[in-house]
Amino acid sequence: MKFAIQSRGDTVSNELKDTAMRYLRSFDLEYDEQHPDIVLSIGGDGTLLHAFHKYRSSSSKVAFVGLHTGHLGFYADWKPNEIEKLVISIAKEEFKFIEYPLLEVTVDYQSSEDPATYLALNESTVKSPDVTLVMDVFLNEMHFETFRGDGLCMSTPSGSTAYNKALGGAIVHPSLEAIQLSEIASINNRVFRTVGSPLVLPKHHTCTLKPVKAVDFMVTVDHLQLLHKDVSSISYRVAEEKVRFARFRPFPFWKRVHDSFIDAGSED
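Rules behind the numbers
- Residues numbered from 1 in each chain as written.
- Predicted model: local features only at pLDDT ≥ 70, side-chain atom pairs only at ≥ 80, totals over all residues.
- Heavy atoms only, no water.
- Salt bridge = Lys/Arg side-chain N within 4 Å of Asp/Glu carboxyl O.
- Helix = DSSP H or I, 4+ residues; strand = E, 2+ residues; numbered from the N terminus.
- Buried < 20%, exposed > 50% of the residue type's maximum accessible area, 1.4 Å probe, protein only.

Asker: Please explain the pattern of salt bridges as it appears in this structure.
Answerer: Between side chains of opposite charge, a pair can form as their charged atoms come close. Scanning all chains against the criterion turns up 10 salt bridges. When the shortest N-O distance is used, the salt bridge between Glu177 and Lys242 registers 3.6 Å. Separated by 65 residues along the polypeptide, Glu177 in the loop between helix 4 (163–166) and strand 11 (178–186) and Lys242 in strand 16 (residues 231–247) bring together distant segments of the chain. Look at Glu177 and you get partly exposed, because its relative accessible area is 30%. For Lys242, a relative accessible area of 24% corresponds to the partly exposed category. The salt bridge involving Lys229 is made with Asp216; its shortest N-O contact spans 3.7 Å. Pair noted here: Lys229 is in the loop between strand 15 (224–228) and strand 16 and Asp216 is in the loop between strand 13 (207–211) and strand 14 (217–221), with a separation of 13 residues, a long-range link. The exposed category is assigned to Lys229, whose relative accessible area is 52%.

Asker: Please clarify how unusual backbone geometry should be interpreted in this entry.
Answerer: Outside of glycine, negative phi angles account for most residues, and trans bonds account for most peptide bonds. Of note in this structure, Asn140 is not a glycine but carries a positive phi near 50°. Note on placement: Asn140 falls in the loop between strand 9 (133–139) and strand 10 (142–155). Taking relative accessible area as the criterion, Asn140 reaches 39% and is therefore assigned partly exposed. We note that Asp222 has phi near 55°; this positive angle belongs to a residue other than glycine. Here Asp222 falls in the buried class, since its relative accessible area comes to 8%.

See the structure below:
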């Protein structure tokens, strides 16, 4: 088995990386940063997001596992004092694969330039470089509303606990193949109206945003911030690809939600 390690870069995470590297090699596992079978993320959820995008082109073949060096995360369930147990479990392949849905983002341009396509593990947002974002929102090619406000956020189920939750979106179990559109400070008055509620779309639905006036937009894909110019549309759908995690023991989603938001000190 080939492995790679992504570290957050702080002293504790780097020391754990060195320890894991030494242990895994002692079990005759091969370190291969280009084509790993399993990627160990040491840090937090942000570290795992970086690892996912590093191996995005082969995400359906790579399995991720997270060891957290901070607070318990939604993707990282191992603790630093469990490093030896984790390494032995990896070496003995004592894990099964679970898959989570991903978000596909497609940006089309008014010119003949080829569209840009991205995969998001958590979410994608659209904002205007100007003060107000004005977008026509189409659901399955039907005009649904004209949005005016600070921006829009489309999240995956696993990302529904991140920025989406802060916007008042629903927490969606990652076994559901869906995406969720949430508003960022929409303008609602006697002249302009939006639905004012998050929308959960199933796998076979597509959401397309079309500019009303401005054609330049700031588009985020997880931690990536990208300025797109001359945009004709931005489309979202549940991706055909999925992300794979190596699961060694039960890691119930609702327990993660409880421990993160209801009883944040439960792991101490």
